[in-house]
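Observations on chain architecture
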Amino acid sequence: MVGGLLPAGTTLPPAPYLLVVLLAAGGVVGALRRRRPEVTARRVLALAPWMALGSAAHVLYVVDALPPLLSPLAGSPTVYLTVGSLAGAAWLAADAVRPDRVATTLAAAGALLLVPVVAVAVGTGISPDGARWSAVALALTAPIAGAAWVGLTRFRPEAAVTGSVGTLAVFGHALDGVSTAVGTTQLGFGERTPVSRILLELGPIPPVPVLGEGWLFLLVKLAVATAVVWLFAAYVRETPAEGYLLLGFVAAMGLGPAAHNLLLFSVAA
């Protein structure tokens with residue numbers, strides 16, 4: 001029964017890999033707690049490439065494009081610990097070497113790792129139809145996320161204190177909602193997460209152009225994301241470091257799956 005509550009494709013790597021990943025993650029977390037680097041909105045925003053990196057690495061795992069030695073590190077959910085450990089180590093290194101340029105260094109390091117991973121995925125073969133619908137999803141998300149953010153900050157002005165991290169959270173979940181709706185409606189992809197699958201399979205629901213019946217899933221995603229951002233506003237105001245960090249985690253829960261969708265559609269549709 002518990003397995004039915006987990007996303008399809010959830011696996012654990014062999015014990016030696018799992019032990020290494022857990023030790024690495026524990027070591028990085030311990031080092032971060034000891035050093036306590038400053039947490040700002042810019043530094044959390046700089047983690048965006050790392051959020052996409054984990055998703056891109058998992059796409060390589062899905063299409064079997066990773067060397068056997070590395071493949072177990074990119075399964076779900078192991079890939080989150082793998083990339084999270086790398087990002088944490090990069091943050092520590094940047095804070096030790098150039099504390100005045102942590103955000104720039106962190107973002108650049110994530111981007112430098114992301115580019116070759118995406119290149120390898122694209123090198124396995126491009127799906128013209130999938131790439132086209134990924135571009136459509138990205139284009140649709142910008143005005144949808146913009147409208148959601150404007151509506152949120154006008155209805156609840158206090159939410160504006162979350163700044164760029166709040167905006168990233170709304171954008172990430174909007175992109176996840178749009179890309180999931182497009183993928184299921186236009187490309188025939190299934191949804192792996194049980195709760196999301198229930199929302200997508202409710203019916204009959206009047207379809208809308210491009211999004212089909214997936215517009216309800218998008219609406220729920222936007223409602224939850226904007227509500228969470230609003231609720232985090234007081235936390236960010238009172239305890240900025242913890243507030244921004246936790247809100248960054250919320251953003252990753254949307255941006256990560258969204259990046260995975262877009263890349264997977266482009267190479268496997």
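Below is a short write-up of the structure.

The rules behind the values
Residues numbered from 1 in each chain as written. Predicted model: local features only at pLDDT ≥ 70, side-chain atom pairs only at ≥ 80, totals over all residues. Heavy atoms only, no water. Helix = DSSP H or I, 4+ residues; strand = E, 2+ residues; numbered from the N terminus. Contact = heavy atoms within 4.5 Å. Buried < 20%, exposed > 50% of the residue type's maximum accessible area, 1.4 Å probe, protein only. Axes fitted to C-alpha atoms, helices over the stretch in contact; angles between N-to-C directions. Parallel < 35°, antiparallel > 145°, perpendicular 65-115°, else oblique. Left-handed = near helix turned anticlockwise from the far one by under 90°. 1 Å grid on protein atoms, 1.4 Å probe; cavity = no way out; pocket = protein on both sides within 12 Å on 5 of 7 lines; lining within 4 Å. Points joined across faces, edges and corners; volume = space filled by probe spheres on them. Expected span 1.5 Å × (residues − 1). Bend = angle between axes of the 7 residues up to and from the residue.

Before going further, it helps to spend a moment on unusual backbone geometry. It is generally the case that most residues other than glycine have a negative phi and that most peptide bonds are trans. At the junction of Ser-76 and Pro-77, the peptide bond is cis and its omega measures out at 10 degrees in the coordinates. By secondary structure assignment, the location of Pro-77 is in strand 2 (residues 76-77). In the Ramachandran plot, Arg-36 falls in the positive-phi region, its phi being about 50 degrees despite a non-glycine side chain. With respect to the helices and strands, the residue Arg-36 is situated in the loop between helix 1 (15-35) and helix 2 (41-45).

Moving on, we get to the side chain of Lys-221. With respect to the helices, strands and loops of the structure, Lys-221 is situated in helix 9 (residues 215-238). Those residues in contact with Lys-221 that sit more than four places away from it in its chain are His-173, Asp-176 and Gly-177.

Okay, the environment of Gly-130 next. Among the secondary structure elements, Gly-130 is positioned in helix 6 (residues 128-155). Classification of Gly-130 by relative accessible area gives buried; the value is 0%.

As a further point, take the packing of helix 6 against helix 7 (residues 163-186). Axis separation between helix 6 and helix 7 bottoms out at 8 Å; the angle between their running directions is 140 degrees. Classified by the interaxial angle, the pair formed by helix 6 and helix 7 is oblique. For the element pair helix 6 and helix 7, the recorded crossing hand is right-handed. Residues Trp-133, Ala-137, Leu-138, Leu-140, Thr-141, Ile-144, Ala-145, Ala-148 and Trp-149 of helix 6 form the contact with helix 7, whose own contacting residues are Gly-163, Gly-166, Thr-167, Val-170, Phe-171, Ala-174, Leu-175, Val-178, Ser-179, Val-182 and Gln-186.

Reported here for the second largest pocket is a volume of approximately 340 Å³. Lining the second largest pocket are 15 residues, and of these Ala-57, Leu-66, Leu-70, Thr-82 and Val-117 sit closest to its centre.

Another point: helix 7. With 24 residues, helix 7 should reach 34 Å at 1.5 Å per residue; the first-to-last C-alpha distance of 34 Å fits that figure. For helix 7, the buried fraction is high: 17 of the 24 residues fall into the buried class. Phi turns positive, to about 75 degrees, at Gly-188, one or two residues after helix 7.

Right, let's talk about helix 9 for a bit. Think of an α-helix as 3.6 residues a turn; residues three or four steps apart then line up on the same face. Helix length check: helix 9, at 24 residues, gives a terminal C-alpha distance of 35 Å against a target of 34 Å (1.5 Å per residue), a fit within 8%. Along helix 9, the largest kink reaches about 35 degrees and is centred on Phe-232.

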